[in-house]
Amino acid sequence: YSFTHKTQNMIRIEKQYLPEGARVLIIDDFLADGQAARGLMNLCWQQGAVVVGVGIAVEKGFQPGGKVLRESGVHVKSLAIVDRIEDGNIVLRPEDD
């Protein structure tokens, strides 16, 4: 389910492109609820591939996706985490948090 677009999406991949034992790094533009990342992780697990981490360009830190993924043991690295938006200004989380 895409939080941004409010739509359910079907993801398919040919088995030859995701062989059993493959090590996969999932990269996505935005992380909100984490549904896209969890869907891709599930697809990998179904094929016997190993998810080594999730890389995100912008994480919406005020939504639960990043926290839920991290608490489940997934290595998540975001280039920027938006903590909140105040008076139209984006407030980023400090890098060492």
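See the structure printed just above.
Everything in this summary refers to the structure shown in the same document.

Definitions and limits used
- Residues numbered from 1 in each chain as written.
- Predicted model: local features only at pLDDT ≥ 70, side-chain atom pairs only at ≥ 80, totals over all residues.
- Heavy atoms only, no water.
- 1 Å grid on protein atoms, 1.4 Å probe; cavity = no way out; pocket = protein on both sides within 12 Å on 5 of 7 lines; lining within 4 Å.
- Points joined across faces, edges and corners; volume = space filled by probe spheres on them.
- Helix = DSSP H or I, 4+ residues; strand = E, 2+ residues; numbered from the N terminus.
- Nonpolar A, V, L, I, M, F, W, Y, C, P; charged D, E, K, R; others polar.
- Pairing = 2+ DSSP bridges.
- Axes fitted to C-alpha atoms, helices over the stretch in contact; angles between N-to-C directions.
- Contact = heavy atoms within 4.5 Å.
- Expected span 1.5 Å × (residues − 1).
- Buried < 20%, exposed > 50% of the residue type's maximum accessible area, 1.4 Å probe, protein only.
- Arc of directions from axis to C-beta.

### Focus: the layout of surface pockets
- In this structure, the largest pocket encloses a volume near 490 Å³.
- Lining the largest pocket we find 22 residues, and of these Tyr1, Ser2, Gln35, Ala36 and Ala37 sit closest to its centre.
- When residues of the lining of the largest pocket are traced back to their parent elements, those giving at least two are strand 1 (23–31) and helix 1 (35–46).
- The greatest single-element share of the lining of the largest pocket, amounting to five residues, is contributed by helix 1.
- Residue composition of the lining of the largest pocket, by class: 11 nonpolar, eight polar and three charged.

### A few points about the pairing of strand 4 (residues 89–92)
- Summarising the sheet, strand 3 (residues 76–86) and strand 4 pair through four bridges and their orientation is antiparallel. Looking across to strand 4, one finds that Glu86 is bridged to Asn89.
- Hairpin connection from strand 3 to strand 4: two residues lie between these consecutive antiparallel strands, with Asp87 at a positive phi of about 50°.

### Observations concerning the sheet that holds strand 2 (residues 50–60)
- Within the open sheet, the four strands sit side by side as 1-2-3-4. Their pairing is mixed. Of all strands in the sheet, those with a lone pairing partner are strand 1 and strand 4, marking the two edges. Going across the sheet, the axis of each strand differs from the next one's by a mean of 30°, ignoring polarity.

### Here we look at the environment of Ile26
- Within the secondary structure layout, Ile26 lies in strand 1.
- C-alpha of Ile26 to C-alpha of Val82: the two residues are 56 residues apart in sequence and 20 Å apart in space.
- Every residue in contact with Ile26, bar those within four places of it in the chain, is listed here: Ala37, Leu40, Met41, Val51, Gly53, Val54 and Gly55.

### Concerning helix 1
- Compared with the 16 Å implied by 1.5 Å per residue over 12 residues, the 16 Å span of helix 1 between its first and last C-alpha is a close match.
- For helix 1, the set of buried residues is Ala37, Met41, Leu43 and Cys44. On an axial view of helix 1, the arc spanned by its buried residues comes to 155°, and they lie on one face.
- Summarising the contacts, the buried residues of helix 1 are in contact with strand 1, strand 2 and helix 2 (65–71).
- Trailing helix 1 by a residue or two, Gly48 shows a phi angle of about 80°, which is positive.

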